[in-house]
Amino acid sequence: MSVMEYLPEITAQSLDEVLAGWQKEYPEMGVLVLLPEAEKEAVDILQQVCNSRGTKLVGAIFPALIECEAFLSHGVWLLRFDQMPYTRLLPDLPQEEEALQGTLDSLLQGITPHLESDGDITLFMLFDSMVPHIGTILDGLYLRLANRVHYMGVNAGSETFQPMPCLFDGERTVGNGVLLMLLEEHRGAILEHGYEVPEQMITATSTEGNRILQIDWRSAFEVYQEMAREQYGIEVTRENFYETAVHFPFGIVRANGIILVRIPVALEEDGSLFCVGEVPPNAVLALLRAPSVDSVHTLDTVAEGLIELNGSLDGREVLLFYCAGRRLHLGIEAATGELLGLQQRTSAGRIAGALSLGECGSTTEWGYPLFHNATLVASLWGE
Amino acid sequence: MAVLYDIALVIGGEVSVQPLLVKTLQRLLYHTSFPAGLVFLGLPPDDGVPTVEVRLDAAVGDFGFAEMVGKPLTMPAALLHGVAEVAEAPEWLQALPGASRPYRVYLRLPIDHQGVVLLISPHFPGTQLPLAHVFQPVMANLAKAILLCRHNDIYAAGLVSERNTARQSLAESEEKFRSINAAAQDAIMLIDDEDRIVYWNPAAERLFGFTDSEALGAEVHRLIVPQRYYERFVQGFSHFRGSGKGPIIGKTIEVEALRKDGSEFPVELSIDSLQLKGHWHAVGILRDITERHESEVALLLAHRALRTLSGCNSILVRATDEQRLLEDICHLIVDTGGYHAAWVAYPSDDQSRLRPLASAGVDQAYLDALRLGLEPGAQDSGPAVDAFFSHQPQIVQDIASDSIHPANRAAALQRGMASAIALPLVQNGDALGVLMVYADEPEAFNAEELGLLREMAEDLAFGIATLRSREIRQRLEGAEHEQAERLQRALLGTIQAVALTVEMRDPYTAGHQLRVSQLAVAIANELGWSVEQIEGVRLGAMILDIGKIYVPAEILNRPGKLSEMEFEIIKHHPQIGYDIVKDVEFPWPVAQIILQHHERLDGSGYPNGLVAEQIIPEARVLAVADVVEAIASHRPYRPSYGVEAGLQEVIDHRGTLYDTTVVDACVRLFRERGFSFD
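If you're wondering where the values come from, they're calculated on a predicted model, not measured in any experiment. (Residues numbered from 1 in each chain as written. Chains lettered and ligands numbered in written order. Predicted model: local features only at pLDDT ≥ 70, side-chain atom pairs only at ≥ 80, totals over all residues. Heavy atoms only, no water.)

1. Here's the deal with the overall build of chain A
Per the secondary structure count, chain A includes eight helices and 27 strands. A total of about 13700 Å² of accessible surface is found on chain A, and carbon and sulfur atoms cover 48% of it. (Helix = DSSP H or I, 4+ residues; strand = E, 2+ residues; numbered from the N terminus. Areas by Shrake-Rupley, 256 points an atom, 1.4 Å probe, with all protein chains shown as cover.)

The structure is reproduced here in structure tokens:
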């Protein structure tokens, strides 16, 4: 019996049948649900069915689902926990520093008692993509938990970046929060984007969370337009911003040459740019020429990383999150190609996942957890 | 350059060592993807020893190390000392105390003269960039930043310490202030220079009924000052606003205050000024003096009643006339007691109504108009009539609102009477009359005052009864006295008749008893005896020899010296006289006088040979008088020897036969006072 079940049609009966089958063998089971944005109304049914069965439920709404090599906008993924792990759904994360530290301390108190086992534990985080300071939250969590857990996370929400309650459990559907899960006997995820670093750097002189107000002390959009024009001969306007910007994301440059991608997704009247993911004040940015994505390197890195962590993936079930911005940039065909390439490289029995709006993790095992864009995040599920 | 810029900005943005180290480590891990980093400051000099003990100052990314922060770790000296480098040293790293992962690779970044940063990882970093050199330029900045931050930490710690001390002191002070103010029974308030209440303690809340939130910010004079005083207080405060001075600043006064429910009550207000941030504020302490006020009023009333009662007793003691007594009492109640008016009424002769007999403080027209009917079922009877019948005081605390006794209300109010008390004058279960007392103010008669007034009414009733009984007694006593005098006169007449009879049987001694009586009375007077005692002496003397009535006349009348036997017969006369009069009830010891008048101090006398004090004084006086008169008078058996011979006889036997004082008095009478027998 697979630990992953995709239902193309969401009905109470089909849900109940799957849960009934699982529950027979795993009475203490729980379920993680991945729901495409188009099926967001199905949360009610999911909660009703799970509650009627006494099955613990957590889940999130994403722009689309991944089922092996395909992106799907309908249906639902039911991912089984043989035994429901510790989870916590926390809405409305505070932004003010002192309140945030208090919230993190509170999270730590909840998590710490579950870290007693010697085995690997992964802190799996599903954020609402509208949370503007995920990088800060990651820093805070890492400072508190350090290497006691592996870090793996993705952002849920609408691909339109309109606020939408996208995290849920058996009783609530919330926004602007995070859903935490402690996956026991889990060795974390592999994360990779393959975006290359250009020569020219700029400095984000003024930022607020995920909003870049000024670059080099000038209007962020003006500089962005100028750089796109100078470096790539592209004319970015207010009208074509959304379609164009996804191909020319910002990269936050790091000393080891590995960059963090920040895809601008919204343009404000004052010329400031909203990105998926936090941009630290005074961060050194590069304007990435996204077409130079090294897909092969990306897929190799992910597959090899997974194998290195978990051994052969032949026939095993893999959880994959694929950045929506990356798909937008590469196009559906190339993106689908990457899915197929990953399936081939891993020989996984099944790949379940969703399009994500930002990803958390490290590019190396036990590496410093960071918030990324444009990546693939992959891990084993259910072992 | 961009990385240096980023880290330099982080370093430059911190002012305290610990956040500086943690954030620097975070940025280094961020840029290198090393999973863990350690910082050691204050390294011992490299003197070749293999391991050194050094304190771990910061750790990020490894929970085991994070737990060791602040503690000394034994570290390989070669790992800490040396140039910036990325190297593989599993033998050192895996043996590190606190390490929770099998680290193999380290990136060492020396901090100029301050310590070292170690980034550690299970793998070599996935980059070809010379990480050891990339960060070296910012390490100098980090060293300077550590120094600055340390100084700042020390400074901040000092400030924190000072602040904590100040806070603690402030907290203690505030706690004391809170405790005092919470415990204070007096309302305490602080008023700013715009008349607004800026502090209001719990007692103020209790006293006035306004909560903290209702009072704070409110205009004090609108809130707690009765409307009629508002303008005066506001005017006074306008002067205070500019100068911090005012007519009541620094003083304690008694004023009326207003509660939330609109009721007024007396408070003692102490007010003083203080300047806060250049503005004058007033601190007011208010004490509810309702009880004290009531006590004072009660004391005043009690004192007034007591004074009246005391005066009443004085009048009662001196009273001889009932009408005068009643008038004096009414005037006392008004003049001394300070009451508005008082009157006393007795039932009329036909018992149809109470009739005011005496009054003070009230006009006759009022008294005449009073409805005081005693007829059964009188519907409009007042408290006086009620008190008369019930024998209980009747109080009308507020005449204006008294619905029970409407009869005389209008006239009383018109004359300024506000409250009244009717006190029955009861003696031996009978109501003699009623005492009515009026006061100017309502509620004037409290329990204590009632008690005292009641006592006064009882005393007055007793006084009246006493006067009445004294009059009766005096009448009776007059009659008795007259009868007694009549009896006494009759008795004396009888005695004189008997004495005359005795004298008639002994013509030689005729007039003897009368003269003895004259001399004896004179001696008793000389001795300062009382009139009563002298009267006894006189009566005794007049019938001194009544016993001689049984002595045969031939013995009494025979001239010449008596034989011994005859004299023996004569010597019985005192006893016989005694026997004659002993059963007559004289108020004086007449029988004893007769019996003892021939006794002598030395026991040589007769009939009983009494000595000294056994002989009553009257008998001692008569003994002297009898002898002096006998010697001075003619006798059948001898001529008169004269007064001097009589005196010489008693002088010669002064102190032996005769009482010395009596002899002396007798001698003085004759020789100094010119006494002589008629």
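2. Let's talk about the sheet that holds strand S1 (residues 4-7) of chain A
Across the sheet, six strands lie side by side as S1-S6-S2-S3-S10-S11 (chain A); this open sheet has mixed pairing. Strands at the two margins of the open sheet, each flanked by one partner only, are S1 and strand S11 (173-174) of chain A. (Pairing = 2+ DSSP bridges.)

3. Observations regarding the packing of helix H3 (residues 97-111) of chain A against helix H4 (residues 134-145) of chain A
Residue and element names in this part refer to chain A. Here H3 crosses H4 at 45 degrees, and the two axes come no closer than 10 Å. In terms of axis orientation, H3 runs oblique to H4. Regarding H3 and H4, the two cross each other, and that crossing is right-handed. On H4, the residues that touch Leu100, Gln101, Leu104, Asp105, Leu108 and Ile111 of H3 are Thr136, Ile137, Gly140, Leu141, Arg144 and Leu145. Per-class residue counts for the contact of H3 with H4 are seven nonpolar, three polar and two charged. (Axes fitted to C-alpha atoms, helices over the stretch in contact; angles between N-to-C directions. Parallel < 35°, antiparallel > 145°, perpendicular 65-115°, else oblique. Left-handed = near helix turned anticlockwise from the far one by under 90°. Contact = heavy atoms within 4.5 Å. Nonpolar A, V, L, I, M, F, W, Y, C, P; charged D, E, K, R; others polar.)

4. A closer look at the interface of chain A and chain B
Of the residues lining the interface, 29 residues belong to chain A; the matching set on chain B comes to 31 residues. Of the roughly 2400 Å² buried between chain A and chain B on both sides combined, carbon and sulfur atoms contribute 57%. Its largest share of buried area at the contact with chain B, chain A owes to Asn147(A), Ala255(A) and Tyr368(A), together 26% of the area lost on that side. Counting across the chain A and chain B interface gives zero salt bridges. Looking at the side of chain A that touches chain B, the element that brings in the most residues is H4(A), giving five residues. (Buried area = accessible area lost by both parts, 1.4 Å probe. Salt bridge = Lys/Arg side-chain N within 4 Å of Asp/Glu carboxyl O.)

5. Here we look at the confidence of the model for chain B
Overall, the prediction assigns chain B a mean pLDDT of 83, with 91% of residues at 70 or greater. Overall fold confidence for the complex sits at a pTM of 0.55, while the interface term, ipTM, reaches 0.83. (pLDDT = per-residue confidence, 0-100.)

6. A look at the sheet that holds strand S9 (residues 150-156) of chain A
Residue and element names in this part refer to chain A. Spatially, the six strands line up as an open sheet ordered S7-S12-S8-S9-S25-S26, and their pairing is mixed. The open sheet has two free edges, formed respectively by strand S7 (87-90) and strand S26 (370-372), since each of these has just one partner strand. Across the sheet, the mean angle from the axis of one strand to that of its neighbour is 15 degrees, orientation sign disregarded. Bridge analysis of S7 against strand S12 (residues 178-184) gives four bridges, and the strand direction is antiparallel. Each bridged residue has a counterpart across the sheet, and for Arg88 the counterpart in S12 is Leu180.

7. Considerations on the environment of His186(A)
All names here are of chain A. Examined against the element boundaries, His186 turns out to sit in the loop between S12 and strand S13 (190-192). When the C-alpha atoms of His186 and Ile121 are compared, they prove to be 5.3 Å apart, with 65 residues separating the residues in sequence. Contacts of His186, omitting those with residues within four sequence positions, involve Asp120, Ile121, Thr122, His150, Met152, Ser379 and Leu380. One polar contact links His186 to Ser379, side chain to side chain, over a distance of 3.4 Å. (Polar contact = N/O pair within 3.5 Å; in protein donor to acceptor, adjacent residues only side chain to side chain.)

8. Some words on a nonpolar patch on the surface
Residues Trp217(A), Tyr5(B) and Leu9(B) make up a contiguous nonpolar surface patch of roughly 320 Å² in combined accessible area. Assignment of secondary structure puts Leu9(B) in helix H1 (residues 2-12). (Patch = residues over 30% accessible without salt bridge, like charges linked within 9 Å, V, L, I, M, F, W, Y side chains within 5 Å.)

9. As for unusual backbone geometry
In this model, Tyr606(B) is joined to Pro607(B) through a cis peptide bond whose omega is 10 degrees. Along the chain, the position of Pro607(B) falls in the loop between helix H23 (590-596) and helix H24 (617-632). A positive phi is found at Ala146(A), a non-glycine position, where the angle reads about 50 degrees. With respect to the helices, strands and loops of the structure, Ala146(A) is situated in the loop between H4 and S9. Phi at Glu185(A) is positive, roughly 50 degrees, even though this residue is not glycine. For Glu185(A), a relative accessible area of 55% translates into the label exposed. (Buried < 20%, exposed > 50% of the residue type's maximum accessible area, 1.4 Å probe, protein only.)

10. Let's talk about the packing of aromatic side chains
All names here are of chain A. Within the structure shown, the criterion is met by 16 aromatic pairs over all chains. A ring pair is formed by Tyr142 and Tyr368, whose centres lie 5.0 Å apart and whose planes are at 80 degrees; its orientation type is edge-to-face. Of this pair, Tyr142 sits in helix H4 while Tyr368 sits in the loop between strand S25 (359-361) and S26, and the two are 226 residues apart along the sequence. Residue class for Tyr368 comes out buried when judged on its relative accessible area of 1%. Through a chain of ring-to-ring contacts, three or more aromatic side chains come together here, namely Phe221, Tyr224, Phe241 and Phe250. (Phe/Tyr/Trp six-rings, centres within 6.5 Å; stacked < 30°, edge-to-face > 60°.)

11. Re the pairing of strand S2 (residues 30-36) of chain A
Residues and elements named next belong to chain A. Of all seven residues making up S2, seven are buried, and the element is well covered by its neighbours. Where burial is concerned, the two faces of S2 agree: the one with Gly30, Leu32, Leu34 and Pro36 and the one with Val31, Val33 and Leu35 are both buried. Here S2 pairs with strand S3 (residues 56-62) via seven bridges, running parallel. Pairing of Val33 across the sheet is with Gly59, part of S3. Taken together, S2, helix H2 (residues 43-53) and S3 form a β-α-β motif whose crossover is right-handed. Taken together, the five bridges between S2 and strand S6 (residues 76-81) define a ladder with antiparallel strand orientation. Its bridge partner being in S6, Gly30 is matched across the sheet by Phe81. (Right-handed = clockwise from strand over helix to strand, strands pointing away.)

12. Focus on the nonpolar core
Grouped burial of nonpolar side chains is what soluble globular proteins tend to show. Membership of the largest hydrophobic core comes to 122 residues, with the highest contact counts inside it found for Leu123(A), Met125(A), Tyr224(A), Phe250(A), Ile111(B), Val117(B) and Phe135(B). Sorting elements by how many residues they give to this core places helix H2 (residues 17-32) of chain B first, with eight residues. For Tyr224(A), the residues in contact, after removing those within four places along its chain, are Val236(A), Phe241(A), Ala245(A), Phe248(A), Phe250(A), Pro264(A), Leu273(A) and Leu287(A). Val49(A), Phe62(A), Leu65(A) and Val377(A) belong to the second largest nonpolar core, which has 54 residues in total. (Core = buried A, V, L, I, M, F, W, Y, C linked by side-chain atoms within 4.5 Å.)

13. Let's talk about the pattern of salt bridges
Proximity of charged atoms lets side chains of opposite charge pair with each other. All names here are of chain A. Counting across every chain of the model gives 32 salt bridges over all chains. Salt-bridge contacts for Arg211 lead to Asp270; the nearest nitrogen and oxygen are separated by 2.7 Å. Here Arg211 is found in strand S16 (residues 211-215), whereas its partner Asp270 is found in the loop between strand S20 (264-267) and strand S21 (273-275), with 59 residues between them in sequence. Here Arg211 falls in the buried class, since its relative accessible area comes to 17%. Look at Asp270 and you get partly exposed, because its relative accessible area is 48%. Each member of the salt-bridge network shares a partner with another, and the members are Glu208, Arg211 and Asp270.

14. Some words on the side chain of Glu192(A)
Residues and elements named next belong to chain A. Inspection of the secondary structure assignment puts Glu192 in strand S13. Despite being buried, Glu192 has no salt bridge partner; Arg326 is the closest side chain of opposite charge, sitting 7.2 Å away. With near-sequence residues (within four places) excluded, Glu192 lies in contact with His297, Thr298, Thr301, Val302, Thr363, Ala374, Thr375 and Leu376. (Lys, Arg positive; Asp, Glu negative; His and termini not counted.)

15. Section: H3(A)
Residues three or four positions apart in an α-helix share a direction because the helix packs 3.6 residues into each turn. Residue and element names in this part refer to chain A. For H3, built from 15 residues, the straight-helix expectation of 21 Å at 1.5 Å per residue is met to within 8% by its first-to-last C-alpha distance of 21 Å. Along H3, the positions that sit buried rather than exposed are Leu100, Thr103, Leu104, Leu107, Gly110 and Ile111. On an axial view of H3, the arc spanned by its buried residues comes to 115 degrees, and they lie on one face. Turned more than 90 degrees off the buried face of H3, the exposed positions are Glu98 and Gln109. Among the structural elements, S7, strand S8 (121-128), H4 and S12 are those in contact with the buried residues of H3. (Expected span 1.5 Å × (residues − 1). Arc of directions from axis to C-beta.)

16. Digging into the packing of helix H18 (residues 512-526) of chain B against H24(B)
Residue and element names in this part refer to chain B. The N-to-C vectors of H18 and H24 enclose an angle of 130 degrees; their axes lie 9 Å apart at closest approach. Considering their axes alone, H18 and H24 lie oblique with respect to each other. Of the two elements, H18 crosses H24, and the hand of that crossing is right-handed. For the pair formed by H18 and H24, the contact residues are His512, Arg515, Val516, Leu519, Ala520 and Ile523 on the first element and Val621, Leu622, Val624, Ala625, Asp626, Val628, Glu629 and Ala630 on the second. The class makeup of the residues in the contact of H18 with H24 is ten nonpolar, one polar and three charged.

17. Describing helix H25 (residues 643-652) of chain B
Residue and element names in this part refer to chain B. For H25, the complete set of buried residues consists of Gly646, Leu647 and Val650. Down the axis of H25, the sector holding all buried residues measures 95 degrees, keeping them to one side. In this structure, the buried residues of H25 make contact with H24 and helix H26 (660-671).

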